[in-house]
Every structure is written in C-alpha cells, then in structure tokens.
Amino acid sequence: MANFDKDTGLSDAELDSLLQHASIPLPHNDFEERLLAKLTLAPIPNNVIAFPSRKKTSLWLASLPLAASLVLGVWLGANGTAAEFLPFTTESVSQNDTALLGAQSTDELDFLTEDNVS
Amino acid sequence: MPEAVLMIDRPLTPQNANWQTATDAALLAASAERNQQAFAVLVQRYHVPVYRVAWRLNGGHADTDDIAQETFLKLWNNPGQLREAAALKGWLMRVASNLVMDRYRRKPMLELEHAEDVADAAMSAPAMIDQSYVTKMIDAAIASLPDRQKLALALVHFEHMTNIAAAAAMEISVDALESLLARARRGLKEKLGPSGRQLLATLATQGE
C-alpha cells in the first residue's frame, strides 16, 4: 500500500521514482593517476613509538627475599616457637603468673578454679 | 634529517593480475607494507562510491575531488586505523563524510541550487521541460537536508548499502539510521512539495 504524504500527496514510490533522477556524479578520469602521484610525496608514516626496553631485573635478585622468607619459615616450623625473637615471651609471662599463684608449673593450674583463686 | 619519501621504481597503475583478483584484506595488508600496486587496486574499487558520497554531502562542491583523494591518503598513511577489511567501504564513507563536515564547519559552501528554488511550486512550463532542471531540483532538495539525513540517504539509497552496513559506517544503531532515513524522506517530500508531482509529470511526458 502506497504511503502518501498528507501535505504533498507524494507517495514513497513517487519519491523513489524522483530520486532515480538525481545526479550520479563521477570523478574525473585522472582521479586515480593524481592520487597515486600524491602517494610518492606522502612521507612514510612514523607512528611507531620506540619505547626503551625495560631493564631486566635479575631473577636471583628477586628470589633472594623469597628464599630468605622460606628458610625462616622452615626454621621456625622446625623449632616450634618464635619466642627467642620476641621482647618477652608467652612462656615467661605464664611462669610469672604461676609463681604468683604458687603453682610449680602450668600443669598445676588445671586444678585451680575461679573459686580457688578468689 | 630529511623525511624519507617513497621511491617508485615500477609503474603505479595496477597491472598485476594477482592484485586485481585479491581480496580487500590481502590488498590492505599489502598496502600497509607500502605496496602501491595493491593500493591502486583498492582505489580503483572504491573511489567512485567515495566520490559520490562526498559529492552528495557537499552539494557538488568543487572540493569533492580533494576530499575523495584525502580520504584515500588517510588510508595510505595510516592503514592500521582499519581493523577489519570487511568494514573498508564503511570506513572510507565515514572518513569522507567527516572530512566534508569538517570543511563545512570551517567555511560555508555554495550549494548547487538555492533552497527557495526547490520550494517554488509555480514554475513556468518551459522551465519544466528541461530534464536536467528536474535533476537539479532533486539534487537541490537532497542538498538542503541536514548532513546526517543526507549521509543516511546517500549510503542506503544511492550506494545501496544495507541498513546494517550503513549504520555501522555512521557508527549509529540501525534504529537511528531508519529514523534518519524516514526524516530524510519526509523532508524531501516537504521540500519538493507540489512541484514533485509536476516533476513526475514532466518526466512522464518525456517518455519515462
């Protein structure tokens, strides 16, 4: 069904028919020759930015702290405690507490209840 | 240090049969390596539609030739801008239309015909006889459309691109393209007005 415009009365088909008579421009015959001649004058594009190569960090240098950390972890794991590296140890604190309570060892604390302490 | 320029040691016209049958992708790849014969084949394939779109957009201004050439020079100078060879035609159309619009912003162009001529419904019979006049009237009506509508019309109607390809070339959605086309057609109907019927009648009497 033709789509008529209310004001002009032109249908789509009529408009298409008119558009077929629009100009069909063509470039000049020497278009290609002139363009290709311009290519000879065009500078080679220099759009590649040469970044300086990054300094390669030595693999050994990077692995040193990792190795040290690993050795420390193994040593601490084997020794079972890091008490020697602390300013005061949990062991000394517990010994002080047992001394105050009159206990000989931490094992004796098992017999102490809150009622006994108070 | 002076800029290096290409030294040509072979004829520039594409004589190589291999390039003539090569795909756009192969031609682009060769052009990226500064192969002028391959590039010449690309120019041969697409310079007419590029020229037509530029002509349609700037209303037949004398700059059309320069714009079409500049479009191809952009491709030559920076082939890496184009990601897919399948999008070559659309890319060229987009570059050409952008160049036209950039120039139009810088300096107003002289249209083929004045807009008031298009709206003039009371044309004399002798004036209507000339078919070239009919063509000029239609060209002027198209030229008076807004740029985006003109471009959509040029791509779809005159270059026979699909809506999807035209939308991709214009970097808009298909819906937006269809909207532009609808507005362009409505605008043309309004601009041609009653004279559109007269133009059709003239064409009919001339053996259409």
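## Topic: the packing of aromatic side chains
This model, assessed by the stated rule, comprises two aromatic pairs over all chains. A centroid spacing of 6.5 Å and a plane angle of 75° characterise the contact between A:Phe31 and B:Phe72, whose relative ring orientation is edge-to-face. Placement of A:Phe31 in helix α2 (residues 31–41) and of B:Phe72 in helix α4 (residues 64–77) is noted, with the two residues assigned to different chains. On the basis of relative accessible area, A:Phe31 is assigned to the buried category, the value being 0%. Residue classification places B:Phe72 among the buried residues on the basis of a relative accessible area of 0%. In this structure, B:Arg56 is placed above the aromatic ring of B:Phe158, and the distance from its NZ or CZ to the ring centre is 4.2 Å.

## Some remarks on the pattern of salt bridges
This structure, assessed with the given rule, holds 13 salt bridges over all chains. For A:Asp16, the salt bridge is made with B:Arg185, and the minimal N-O distance between the two is 2.9 Å. Placement of the pair is A:Asp16 in helix α1 (residues 12–19) and B:Arg185 in helix α11 (residues 174–205), with the two residues belonging to separate chains. The exposure class of B:Arg185 is buried, given its relative accessible area of 18%. Across the pair B:Asp139 and B:Arg56 runs a salt bridge, and its minimum N-O distance is 3.1 Å. In this pair, B:Asp139 is assigned in helix α8 (residues 131–143) and B:Arg56 in helix α3 (residues 36–57), connecting sequence segments 83 residues apart. Residue class for B:Asp139 comes out buried when judged on its relative accessible area of 3%. Here the residues in one salt-bridge network are A:Asp12, A:Asp16, B:Arg185 and B:Lys189, joined through shared partners.

## Structural notes on unusual backbone geometry
Residue and element names in this part refer to chain B. For histidine 160, which is not glycine, the phi dihedral falls at a positive 55°. For histidine 160, a relative accessible area of 65% corresponds to the exposed category. For glutamate 171, which is not glycine, the phi dihedral falls at a positive 60°. Positionally, glutamate 171 belongs in the loop between α10 (163–170) and α11. By relative accessible area, which is 60% here, glutamate 171 ends up exposed.

Quick notes on the rules
Residues numbered from 1 in each chain as written. Chains lettered and ligands numbered in written order. Predicted model: local features only at pLDDT ≥ 70, side-chain atom pairs only at ≥ 80, totals over all residues. Heavy atoms only, no water. Phe/Tyr/Trp six-rings, centres within 6.5 Å; stacked < 30°, edge-to-face > 60°. Helix = DSSP H or I, 4+ residues; strand = E, 2+ residues; numbered from the N terminus. Buried < 20%, exposed > 50% of the residue type's maximum accessible area, 1.4 Å probe, protein only. Lys NZ or Arg CZ within 6 Å of the ring centre and 35° of its normal. Salt bridge = Lys/Arg side-chain N within 4 Å of Asp/Glu carboxyl O.

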